[in-house]
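Residue-level structure breakdown
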Amino acid sequence: MEIVIIIVLAVMLVTFLVLRAGDVFSPWTITTAVWLAIMVMYQFQSRLLDPLSDQFLYCLMIWYPILCISSLVTYYVMPSDHGHNRSAEIPPMNRTVFTWLYVITMVITPVYVYQILKIVMMFNSADLLNNIRLLAIYGDEGYGFLQYSYVLSQVMVVVAFWQYPKIPLWQLLTIVVAAAMSAFAIMEKGMLFFLFITIIFCLYEKRVIKMRSIIISAVSIIGVFFLFNIARDSTEGSSDESMTFLDFFGLYILSPAAAFGKVQPDLIPQFGSHTFHSIYIFLARWGGDFVVYDKLQEFVWVPLPTNVYTVFQPFFLDFGYPGVAFFAFFYGVVSGWCYRQMRYGSGVAKCLYVYITYALVLQFYQENFVLNLVSLLQFFFFIFIIQQRKVTVDFNPES
């Protein structure tokens, strides 16, 4: 079955490229390339990991065709006011709103990092990096407006790389530094990968780089993540041997597919407890009585320890195979619609599709779209107001 899936994925990828159905960042091309790479690499993992389960293969056979077909149909049947591809054009921007958000980001990001360091420095400084990560997972998140540092950094990174060289290089570099500081504040590789995706996506769509540069950059970022992981783990004081690159590659690239075989549907009666996790966190903060799971998921051994289970996990836990099918359709429609709007000139869609690309590329690892729905809505809001040519407040409405 695995060989058949590989052949089908390879044929589909070649077909998309030959027929020039979209570009390399279209939803169907990303999805095909991601799962083809995972399936091929799994054949050469030298029994480092457990075999792929039927459960994973069934979900993949449900997810892939539904997502690709729904995104293709949405893209090609959607009407457009423009008759040509405008994806390379720099989207419009309200300079005043951008400047205000830039100043806010530059102020709250170092303050946010300072507040976190002030707490973790109360403990053993030798475990600084590990303590930062533990605080991000188990802390009470009582930082108020400072917590917007993360989403504002994402917004500013996307807008800045789309706008460059219309904005000065020094401003772009300070935005990148702020994004790196936000990643440091919670010791998470996600922001670094988001930064990488943003750079590659914007430069490719603006026709500055080609496919070869993307491949070289992808190899480089894996190396950076490996070094980042070593730096974080070295502070834990473990007497075990350091993680080898093969262990790292198996743990972060291939293990989620193996780990998904150990996932079983959840019997908790609360609707979509895992899928709508971020919404239940928001509701619980307002005093609602809801089941809210810990950020850090349980580890399983495959036989390497891992706690990520591919994009299928929350949908399968809550709704089984029908849930995987439904959200594949949802992913396809949303990504196909946004990709269409991006290709034909929508400034908001150009920025929003960067986030969608990030979620699509990481579908082999974990779900990053629906689970982050609240953050995504905040991201969309800030992108939307930056794109408005004129923002006014009328204090004298007509009677």
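Whatever comes next refers back to the structure up there.
Read on for an overview of the structure. (Residues numbered from 1 in each chain as written. Predicted model: local features only at pLDDT ≥ 70, side-chain atom pairs only at ≥ 80, totals over all residues. Heavy atoms only, no water.)

For the protein, the helix and strand inventory stands at 14 helices and 2 strands. Of the contacts made within the protein by residues no fewer than 6 positions apart, 78% connect residues no fewer than 24 positions apart. (Helix = DSSP H or I, 4+ residues; strand = E, 2+ residues; numbered from the N terminus. Contact = heavy atoms within 4.5 Å.)

Under the definition given, this model contains 41 aromatic pairs. Ring geometry for Tyr355 versus Tyr358: centroids 6.1 Å apart, planes at 75°, classification edge-to-face. You can see Tyr355 and its partner Tyr358 sitting in helix α13 (residues 347–361), 3 residues apart, about one turn around the helix. Taken as a pair, Tyr355 and Tyr358 share a single burial class, namely buried. Their ring planes at 65° and their centres at 5.4 Å tell us that Phe381 and Phe382 sit as a pair that is edge-to-face. With relative accessibility at 47%, the residue Phe381 sits in the partly exposed group. Above the plane of the ring of Tyr75 lies Arg340, whose end atom (NZ or CZ) is 5.4 Å from the centre. Cation over ring: Lys350 sits above Trp162, and NZ or CZ is 5.5 Å from the ring centre. (Phe/Tyr/Trp six-rings, centres within 6.5 Å; stacked < 30°, edge-to-face > 60°. Buried < 20%, exposed > 50% of the residue type's maximum accessible area, 1.4 Å probe, protein only. Lys NZ or Arg CZ within 6 Å of the ring centre and 35° of its normal.)

Looking at where Gln387 falls in the secondary structure, it is placed in helix α14 (residues 373–387). Of the residues examined, Gln387 reaches a relative accessible area of 9% and is grouped as buried. Of the polar contacts made by the side chain of Gln387, one reaches the backbone oxygen of Pro92; its length is 3.4 Å. (Polar contact = N/O pair within 3.5 Å; in protein donor to acceptor, adjacent residues only side chain to side chain.)

Further remarks concern the environment of Phe56. Mapped onto the elements, Phe56 comes out in helix α3 (residues 54–77). Sequence separation between Phe56 and Phe260 is 204 residues; the distance between their C-alpha atoms is 6.2 Å.

This next bit is on the packing of α3 against helix α12 (residues 313–343). Running from amino to carboxyl end, α3 crosses α12 at an angle of 30°, the nearest separation of the two axes being 7 Å. One way to sum up the angle between α3 and α12 is to call them roughly parallel. In the packing of α3 onto α12, the handedness of the crossing is right-handed. Of the residues contributing to the contact of α3 with α12, the split by class is 19 nonpolar, 7 polar and 2 charged. (Axes fitted to C-alpha atoms, helices over the stretch in contact; angles between N-to-C directions. Parallel < 35°, antiparallel > 145°, perpendicular 65-115°, else oblique. Left-handed = near helix turned anticlockwise from the far one by under 90°. Nonpolar A, V, L, I, M, F, W, Y, C, P; charged D, E, K, R; others polar.)

Further remarks concern the nonpolar core. Counting 124 residues, the largest nonpolar core has Trp35, Met39, Phe56, Trp63, Phe312, Tyr331 and Phe379 as its most contacted members. For this core, the leading source of residues is α13, giving 12 residues. Non-local contacts of Met39, meaning those with residues more than four positions away in its chain, are made with Glu2, Ile5, Ile6, Leu9, Leu52, Phe56, Leu57 and Leu60. (Core = buried A, V, L, I, M, F, W, Y, C linked by side-chain atoms within 4.5 Å.)

Under the definition given, this model contains 1 salt bridge. Arg343 is paired through a salt bridge with Asp23; the nearest N and O atoms lie 3.8 Å apart. Taken together, the positions of Arg343 in helix α12 and Asp23 in the loop between α1 (2–19) and α2 (27–42) put the pair 320 residues apart, joining distant regions of the chain. Judged by relative accessible area, Arg343 falls into the buried class, the value being 14%. Assessed through its relative accessible area of 13%, Asp23 is described here as buried. (Salt bridge = Lys/Arg side-chain N within 4 Å of Asp/Glu carboxyl O.)

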